[in-house]
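Survey of secondary and tertiary structure
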Amino acid sequence: MQAWIIYYYGDNQQFTLSDSVQVPIILSPKDVLIKVLSSSINPIDIRRREGYGGRLIDTYQSMKNILQLGGNQLNKLQFPLILGRDFCGEIIRKGPKVTKFNIGDKVYGALNVTRQGSFAQYCSAGEDEICLKPNNISDEEASALPLVSLTSWCAIRKFSGFNEENSFGKRALLIGASGGVGHIATQLLKNLGMEITALCRSDSFDYIRQIGADDAVNYRQKDWFVELSRKPKYDFIFDTVGPRYYTFEFMSSLLNRGGTFVTIVTPIFRNVDKYGLISGLSRTAYQATKQTLTGWSNGINYRWAYYSADGNVLNEIKKLVEQNKLKIKIDSNKFSFENIPDAISYVENGHAKGKVVIQYSSFR
């Protein structure tokens, strides 16, 4: 099959388009083989190209093999790597224990980081990791949804504990509200009945209000924190961009006692990449303990959140999309499969105004 592969970590020059990559082998009886119809670019694709998380992922898979928990050398993630997490595609083969899907079904999902990626003609996934594509949107729109939706849903519901029963009328501050994860989170929070303050650029104010934000603050203005501190305190702060302009201790003063601060920018991969497994995990545990104890001392819950491939969550996202309660913002520039490196550069250089999708029309 054709696939974009890298033999080494680095910049975009590492990408090679190969037409001799082996089609994924179904090794689990509950896996399916998918013909990719569309994919999309996420910041994690850029960071993985640079080597982010490589050491920890490799260690995890090696331990899985040693413990014989279903791992083997055939599915061990190694160079050459195929990047890409998001996809929409058609099932063309399935394992003998797959019961939820049939050959020919159109599905969407975000591949776990331990699998080879979706910048290829075909990818494989477990039946519990995918979902039927929403029936009221295009393949391209469906391929843009999974990772940002899974990340937002897990941060809000799984790690922070908010749901339909305890969210109405609560106040939420969303840092990076107009980004990929941010604009999905804005809509999910609004669907829960929360009052939302968006922290984003001023040129995104109109859009972010259209999709549910009640208030907006420009993070580029010098007194943005002063403006936030004058408002009533929040029950929930969701950080989608990381501590570029602030610290947790700095922002925690904006929370009500008993409030929750959750961030999707965690140091575990970075620490292990930089310091090695033992030292990196030790540093991460120290940081987590320190921030958790700091939060507790102020009556605040501190959480790190991450996405996992989950077909049940994707089914909830599918329902919201089909009810017109959730929409994905797509950048106006479309890229073909042959131009995936250009699409990644476009995102990396800050040009995107929405999710950037990849059309696989040459394979249809």
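Described in the following lines is the structure provided in the data block. (Residues numbered from 1 in each chain as written. Predicted model: local features only at pLDDT ≥ 70, side-chain atom pairs only at ≥ 80, totals over all residues. Heavy atoms only, no water.)

1. Brief notes about the overall build of the protein chain
Per the secondary structure count, the protein chain includes 12 helices and 16 strands. Of the contacts made within the protein chain by residues no fewer than 6 positions apart, 71% connect residues no fewer than 24 positions apart. As displayed, the protein chain offers around 16600 Å² of accessible surface, 49% of which is attributable to carbon and sulfur atoms. (Helix = DSSP H or I, 4+ residues; strand = E, 2+ residues; numbered from the N terminus. Contact = heavy atoms within 4.5 Å. Areas by Shrake-Rupley, 256 points an atom, 1.4 Å probe, with all protein chains shown as cover.)

2. Let's talk about the sheet that holds strand β14 (residues 301-304)
Read from one edge to the other, the open sheet built from six strands follows the order β11-β10-β9-β12-β13-β14, with strand pairing classed as parallel. In this open sheet, the two edge strands, each paired with only one partner strand, are β11 (215-218) and β14. This sheet shows a mean twist of 15 degrees between the axes of neighbouring strands, independent of strand direction. Along the sheet face, helix α4 (residues 146-158) touches β12 (234-239) and β13 (255-263) and points at about 150 degrees away from the line of β12. The strands that helix α5 (residues 180-191) touches are β9 (171-175), β10 (195-200) and β12; relative to β9, the one it contacts most, it runs at about 170 degrees. (Pairing = 2+ DSSP bridges. Axes fitted to C-alpha atoms, helices over the stretch in contact; angles between N-to-C directions.)

3. Re α5
A rise of 1.5 Å per residue sets the reference length of α5, with its 12 residues, at 16 Å; its end C-alpha atoms lie 17 Å apart and thus fit the reference within 8%. Of all the 12 residues making up α5, nine are buried; the element is thus mostly covered by neighbouring parts of the structure. Here the buried face of α5 lies against α4, β9, β10, α6 (205-210), β12 and α11 (311-322). Just downstream of α5, Gly193 is the residue with a positive phi angle, here 85 degrees. (Expected span 1.5 Å × (residues − 1). Buried < 20%, exposed > 50% of the residue type's maximum accessible area, 1.4 Å probe, protein only.)

4. Describing the sheet that holds strand β2 (residues 15-18)
Pairing in this open sheet of three strands is antiparallel, and the strands run β2-β1-β4 from one edge to the other. If you trace the sheet from one side to the other, it starts and ends with β2 and β4 (81-82), each paired once. Taken together, the two bridges between strand β1 (residues 3-6) and β4 define a ladder with antiparallel strand orientation. Of the residues in β4, the one forming a bridge with Ile5 is Ile82.

5. Examining the packing of aromatic side chains
In total, this model carries 11 aromatic pairs according to the counting rule given. Ring geometry for Phe261 against Tyr302: centres 5.7 Å apart, planes inclined by 5 degrees, an arrangement best described as stacked. Residue Phe261 is found in strand β13, and its partner Tyr302 is found in strand β14; the two are separated by 41 residues along the sequence. Summarising the burial analysis for this pair, Phe261 and Tyr302 share the class buried. Chaining the aromatic ring pairs together yields one cluster made of Phe162, Phe236 and Phe238. One residue, Arg157, lies across the ring of Trp153, its end atom 4.1 Å from the ring centre. (Phe/Tyr/Trp six-rings, centres within 6.5 Å; stacked < 30°, edge-to-face > 60°. Lys NZ or Arg CZ within 6 Å of the ring centre and 35° of its normal.)

6. Here's the deal with the side chain of Asn42
One can find Asn42 in the loop between β3 (31-40) and α1 (43-49). Separated by 3.2 Å, the side chains of Asn42 and Lys355 make a polar contact. The contacts of Asn42, once residues within four sequence positions are left out, are Asp86, Leu147, Val148 and Lys355. (Polar contact = N/O pair within 3.5 Å; in protein donor to acceptor, adjacent residues only side chain to side chain.)

7. Topic: the pairing of strand β7 (residues 122-126)
Counting buried positions along β7 gives five out of five residues, so the element sits mostly inside the fold. Every second residue of β7 is oriented toward a common face, with Tyr122, Ser124 and Gly126 on one face and Cys123 and Ala125 on the other, all of them buried. As defined by bridge partners, β3 adjoins β7 across five bridges and the pair is classed as antiparallel. Note that in β7 the partner of Ile34 across the bridge is Cys123.

8. Considerations on α4
For α4, the tally of buried residues reaches 11 of 13 residues, placing the bulk of the element in the interior. Three or more residues of α4 are buried, namely Pro146, Leu147, Val148, Ser149, Leu150, Thr151, Ser152, Trp153, Cys154, Ala155 and Ile156.

9. Quick look at the packing of α4 against α5
At their nearest, the axes of α4 and α5 sit 9 Å apart, and the two run at 50 degrees to each other. When the axes of α4 and α5 are compared, the pair comes out oblique. Here the hand of the crossing between α4 and α5 comes out right-handed. Along the contact surface, α4 presents Val148, Ser149, Thr151, Ser152, Trp153 and Ile156, while α5 presents Gly180, Val181, Ile184, Ala185, Leu188 and Leu189. Residues that form the contact of α4 with α5 fall into these classes: eight nonpolar, four polar and no charged. (Parallel < 35°, antiparallel > 145°, perpendicular 65-115°, else oblique. Left-handed = near helix turned anticlockwise from the far one by under 90°. Nonpolar A, V, L, I, M, F, W, Y, C, P; charged D, E, K, R; others polar.)

10. Brief notes about the packing of α4 against α11
Interaxial distance between α4 and α11 falls to 10 Å at its minimum, and their mutual angle equals 105 degrees. Classified by the angle their axes make, α4 and α11 are roughly perpendicular. Seen from α4, the contacting residues are Pro146, Ser149, Leu150 and Trp153; seen from α11, they are Val313, Leu314, Glu316, Ile317 and Leu320.

11. Here's the deal with the pattern of salt bridges
According to the stated counting rule, one finds 15 salt bridges in the structure shown. Between Lys30 and Glu127 there is a salt bridge, with the nearest N and O atoms lying 2.6 Å from each other. Residue Lys30 is found in the loop between β2 and β3, and its partner Glu127 is found in the loop between β7 and β8 (130-132); the two are separated by 97 residues along the sequence. Here Lys30 falls in the partly exposed class, since its relative accessible area comes to 31%. Measuring nitrogen to oxygen at the nearest pair gives 3.2 Å for the salt bridge that ties Asp86 to Lys355. Of the two residues, Asp86 sits in strand β5 (residues 86-94) while Lys355 sits in the loop between α12 (340-348) and β16 (357-359), which places them 269 residues apart along the sequence. You'll find Asp86 and Lys355 in the same group, each marked buried. (Salt bridge = Lys/Arg side-chain N within 4 Å of Asp/Glu carboxyl O.)

The quantities given are spatial measurements derived from coordinates; they are silent on function.
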